Structures are given as structure tokens and as C-alpha cells.
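Reading the structure
What follows is the residue order along each chain.
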Amino acid sequence: MPTTANPQGIQRPTAQRTAGGEDRQNARGRYVIQFAAWFIGFIVFIISCFIMHGHPKPYPIDLIVTHTVQGFRVPGFVEAIFIFPSILNNPVSSEVALGLWLAFMLVMALITRLRGKSPLTWLQAAIFLVITVMSSAGLNVLADELVGRPRPNPHTDHIQVMTPIVPFPTYPSGHTEHDVAYYGFLLYLSFTKPVREWRYRWFLLPFQIYAVYDILMIGYSRILEGDHWFTDVMGGYLEGTIYLFFFIFLYRWTTTMLAKWREKKHARTATA
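Numbering of residues starts from 1 in each chain and follows the order in which that chain's sequence is written. In keeping with the model being predicted, local features are shown solely for residues with a pLDDT of at least 70 and side-chain atom pairs are shown and tallied solely at 80 or more, while totals for entire chains, interfaces and linings include all residues. As a rule here, side-chain values cover all heavy atoms of the structure and leave hydrogens and water aside.

For asparagine 89, the location among the structural elements is in the loop between helix 3 (76-88) and helix 4 (91-114). For asparagine 89, a relative accessible area of 8% translates into the label buried. Within the local environment of asparagine 89, its side chain forms a polar contact with the side chain of histidine 178, the two groups lying 3.1 Å apart. Throughout, a residue-residue contact means that at least one pair of heavy atoms, one from each residue, lies within 4.5 Å. Once residues within four sequence positions are removed from consideration, asparagine 89 is found in contact with Ser94, His175, His178, Asp179 and Ile218. Segments assigned H or I by DSSP are reported as helices when at least four residues long, segments assigned E as strands when at least two residues long, and all are numbered from the N terminus. Relative accessible area decides the class of each residue, using a 1.4 Å probe on protein chains only: under 20% of the type maximum gives buried, over 50% gives exposed, and in between gives partly exposed. Any pair of nitrogen or oxygen atoms within 3.5 Å is treated as a polar contact; in protein, a donor-acceptor pairing is required on top of that, and neighbouring residues in sequence qualify only through side-chain atoms on both sides.

So this is what it looks like as C-alpha cells:
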């Protein structure tokens, strides 16, 4: 009996199913809602950038949240757990982590190819992970420079800054934006059809748990260290979510285009 599926999880799109295996009618409704939410978030983010540019000084909620967070007294090892996401997000460690994920996906692509199957899904995931992380980082730098909000200053704002003061603008928080886009995209990939059907998918469970922890904790750690205000962190979460859903949309669109290309190639081969 013929099937529209293949071992890599990309299906030949039909009138009822998308290339990702979703019900096409239900998917259309979700796409409309998702686009509307994404567009509203994008507009809110642009407005927030104008507001922060016009009023760069900390707001009362910024001072209240920072004083509250830094006022908690916890054991040293607990504090280290809290700030670990910020440390891992430093330039060198972040690049090493990205390189390891890229190497893992390329190795999986090679193993898949050696088994006589198409490595296209793993290659697509690797390429999109790099594009998502690098593009979102570049866009964050651009947003920071355009907004131009100065970083918290312990001499004028009466807060504690645990790291060296850097001259880079602070809104939106780059660490927060990076982790939402980076770990959010990895989480999305871990729940796509090819990975769900992978025999060793349980191997990814600790990484999935850490990804959720990192996304939730990165904002707190940036405030705890005194590097960002509460509003910087909220802007970073919003910006990262906007980029994340944009690149997920591109990934799914590319998946559909690749499925159609493979279907045409299969038809030409069958005809020949």
C-alpha cells in the first residue's frame, strides 16, 4: 500500500496533510491566529523601542524589581545556579555550545546518509539553527544601537553590578533575546516529527529540561547581576519570541518547499 511518509518525517503534501504531517484545515486556522499574535507582538516591540529611546532612564518598576531580586539572600551555590544561564551565554561559551549542536546535527546527517537515507532534514535543521541564532543576534545589536538606552550604573542607580560595566546599550536585553531564539528553536526542533520518531529521542530529555530552565531563568539572572533592568529583560523576551516564531515559520515553509521538490523529483524518476 503506498504511503506519503518517509523515514525522515517529511511527508509529501496532500490536500489533507501538510509536509509536516499536520491536518491542513486545522493548520490554516492556527496559522491565522499565530500570524495575528506575531504581528501584534511586533508592533508592541517597535512601540516599546520608541518609548525607551525617548525615556532611557530606569522606571520605578526597574528599581523596585532590581532591589527586590538583589535583596534576596540565598546560599552561594543557589546563586551560582541562578546566574549560570548568563555565564553560558557569554560570547565564547555560547559559540562553543552552538558549535557542538551544529556538529551533532552534521554527524546525524552523515549517519543518516551512510544508512542510505536522505540527510536533508538534519542539514536543514543545522542550517536554520545557525541562521536563527546569528540573524537574531545581529538584529538585537541593531535594535540596541537605535534605542541607545544606557546600562545600569551602580554609582547613580544605587544597585549592585556583579560584572564589569560595558559600554553597550541595554534595551532590549541581548542575553534574553538570544536564549529565547536559540533554545526556543532547539526546543521546537526537538518536538518536530523526525525527532519524535527518532529511536533515541529520550537522549534529548535533559537538554529539553535545561532549555526550558534557561529561557525562564535568563531574565532573572540578568537582573540579579545588575546588567539589565526589568524592562530590558521584558523587551528581550518579546524580541526573542518575535524572531523565534519568524524563523519557525521560515523553517516550516522551507520544509513544505523541499517536500514539493522531492515529490517532483520522485515523479520524474518514476516517469523515467
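Past the structure itself, the notes keep going.
Okay, the packing of helix 3 against helix 9 (residues 205-224) next. Relative orientation of the contacting elements helix 3 and helix 9 amounts to 95°, with a least axis distance of 8 Å. Viewed along their axes, helix 3 and helix 9 adopt a mutual orientation that is roughly perpendicular. Each of Glu79, Ile81, Phe82, Ile83, Phe84, Pro85, Ser86 and Leu88 in helix 3 lies in contact with helix 9, whose residues at this interface are Tyr210, Tyr213, Asp214, Met217, Ile218, Tyr220, Ser221, Arg222 and Leu224. Note that Gly is not counted as nonpolar here; it falls among the polar residues with everything else outside the nonpolar set of Ala, Val, Leu, Ile, Met, Phe, Trp, Tyr, Cys and Pro and the charged set of Asp, Glu, Lys and Arg. Residue composition of the contact of helix 3 with helix 9, grouped by class: 12 nonpolar, two polar and three charged. Note on geometry: axes are lines fitted to C-alpha atoms, helical ones only across the stretch in contact, with angles between N-to-C directions running from 0 to 180 degrees. Just so you know how the angles are binned, under 35 degrees is roughly parallel, over 145 roughly antiparallel, 65 to 115 roughly perpendicular, and the rest oblique.

Attention shifts here to a nonpolar patch on the surface. A surface patch of nonpolar side chains, amounting to about 770 Å² of accessible area, comprises Phe35, Phe39, Phe42, Ile43, Ile46, Ile47, Phe50 and Ile51. Summarising the element assignment, phenylalanine 42 is placed in helix 1 (residues 24-54). Assessed through its relative accessible area of 32%, phenylalanine 42 is described here as partly exposed. Grouping into patches uses exposed residues only, defined as over 30% relative accessible area, and leaves out salt-bridged ones; the cut-off is 9 Å for like charges and 5 Å for nonpolar side chains (Val, Leu, Ile, Met, Phe, Trp, Tyr). Using the Shrake-Rupley algorithm and a 1.4 Å probe, accessible areas are obtained, with residue cover drawn only from the displayed protein chains. For this document, the term salt bridge refers to a Lys or Arg side-chain nitrogen within 4 Å of an Asp or Glu carboxyl oxygen.

Moving on, we come to the nonpolar core. Ranked by size, the top nonpolar core spans 35 residues in total, and within it Met105, Leu129, Tyr182, Phe185 and Leu186 carry the most contacts. Residue contributions to this core peak at seven residues, all from helix 7 (residues 174-190). Among residues more than four places away in sequence, those in contact with phenylalanine 185 are Ala125, Phe128, Leu129, Thr132, Val180, Leu244, Phe247, Ile248 and Tyr251. Throughout, nonpolar core names a set of buried Ala, Val, Leu, Ile, Met, Phe, Trp, Tyr and Cys residues whose side chains join them through atoms within 4.5 Å. Counting residues in each nonpolar core, the second largest holds nine residues, with Phe45, Met52, Ile242 and Phe247 among its members.

As a further point, take the packing of helix 4 against helix 5 (residues 120-147). Taken N-terminus to C-terminus, the directions of helix 4 and helix 5 make an angle of 165°; their axes are 8 Å apart at the nearest point. Judged on the interaxial angle alone, helix 5 and helix 4 are roughly antiparallel. As helix 4 packs across helix 5, the resulting crossing turns out to be left-handed. Note on element contacts: helix 5 touches helix 4 through Trp122, Leu123, Ala125, Ala126, Leu129, Val130, Val133 and Met134, opposite Leu98, Trp101, Leu102, Phe104, Met105, Leu106, Met108, Ala109 and Thr112. Within the contact of helix 4 with helix 5, the residues separate by chemical class into 16 nonpolar, one polar and no charged. By convention the crossing between two helices is left-handed if the near helix lies anticlockwise of the far one by an angle smaller than a right angle, and right-handed if it lies clockwise.

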